[in-house]
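Okay, here's what each chain looks like letter by letter:
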Amino acid sequence: LVTGATGFLGSYVVNAIKAAGVNLSLLTWDRSTFGSLHSPSDRQRMWRTAYPEVVIHLAWNPISDKHYHKGPEHHKWAVTSYDLAKECARNGCW
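Please read all numbers here as calculations on a predicted model, not as lab measurements.

Draft legend 1. Structural context of the packing of aromatic side chains. Going through the model one piece at a time under the given rule, you end up with two aromatic pairs. Taking the centre distance of 5.7 Å and the plane angle of 70° together, the rings of Phe8 and Tyr12 count as edge-to-face. On the criterion of helical spacing, the pair formed by Phe8 and Tyr12 is a turn pair, its members being four residues apart in helix α1 (residues 8-19). The same class applies to Phe8 as to Tyr12, namely exposed.

Structural data, given as structure tokens:
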């Protein structure tokens, strides 16, 4: 699972994985299917549906403010990232 697979970094990572010949299944985070990456219940639905073995988490909301690290949006993504890593470990993926 590559979060942010269509973003600036994610698109390069996906291309590199494909170029290395790795069998890659892409999951597009469709809000109508999974809801919000920030929602614990929506992420649980993703774990039950997608069964990822590996997670590369690159999704983040770019913030133009030079003090992005102090903003509430940055904090929300940091918490989501931490929770996603814990869930990945609980679900037996890398």
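Draft legend 2. Highlighting the pattern of salt bridges. Using the criterion set out here, one finds four salt bridges in the structure. A salt bridge links Arg43 to Glu87, with the nearest nitrogen and oxygen atoms 2.9 Å apart. You can see Arg43 sitting in helix α3 (residues 40-50) and its partner Glu87 sitting in helix α4 (residues 72-90), a full 44 residues away along the chain. Among the residues examined, Arg43 registers a relative accessible area of 1% and is labelled buried. One network of salt bridges, with partners in common, ties together Arg43, Asp83, Lys86 and Glu87.

Draft legend 3. Seen up close, the state of the cysteines. In total, this model carries one disulfide according to the counting rule given. Cys88 shares a disulfide with Cys93; S-S distance 2.3 Å. With a relative accessible area of 8%, Cys88 lands in the buried category.

Draft legend 4. How the structure looks around the nonpolar core. Formed by Leu1, Phe34, Met46, Trp47, Val55, Leu84, Cys88 and Cys93, the largest nonpolar core amounts to eight residues. Not counting residues within four places of it along the chain, the set of residues in contact with Cys93 comprises Trp47, Pro52, Glu53, Val54, Val55 and Cys88.

Draft legend 5. α1, seen in detail. Given a rise of 1.5 Å per residue, twelve residues ought to cover 16 Å, and the 17 Å separating the end C-alpha atoms of α1 matches this to within 8%. Along α1, the residues that are buried comprise Gly10, Val14 and Ile17. The arc that holds every buried residue of α1, seen down its axis, measures 65°, which confines them to one face. Seen from the buried face of α1, the exposed residues on the opposite side, beyond 90 degrees, are Phe8, Leu9, Tyr12 and Ala19. Buried residues along α1 sit in contact with β1 (2-3) and β2 (56-57).

About the cut-offs
- Residues numbered from 1 in each chain as written.
- Predicted model: local features only at pLDDT ≥ 70, side-chain atom pairs only at ≥ 80, totals over all residues.
- Heavy atoms only, no water.
- Phe/Tyr/Trp six-rings, centres within 6.5 Å; stacked < 30°, edge-to-face > 60°.
- Helix = DSSP H or I, 4+ residues; strand = E, 2+ residues; numbered from the N terminus.
- Buried < 20%, exposed > 50% of the residue type's maximum accessible area, 1.4 Å probe, protein only.
- Salt bridge = Lys/Arg side-chain N within 4 Å of Asp/Glu carboxyl O.
- Disulfide = S-S within 2.5 Å.
- Core = buried A, V, L, I, M, F, W, Y, C linked by side-chain atoms within 4.5 Å.
- Contact = heavy atoms within 4.5 Å.
- Expected span 1.5 Å × (residues − 1).
- Arc of directions from axis to C-beta.

Honestly, it's all geometry; don't read function into it.
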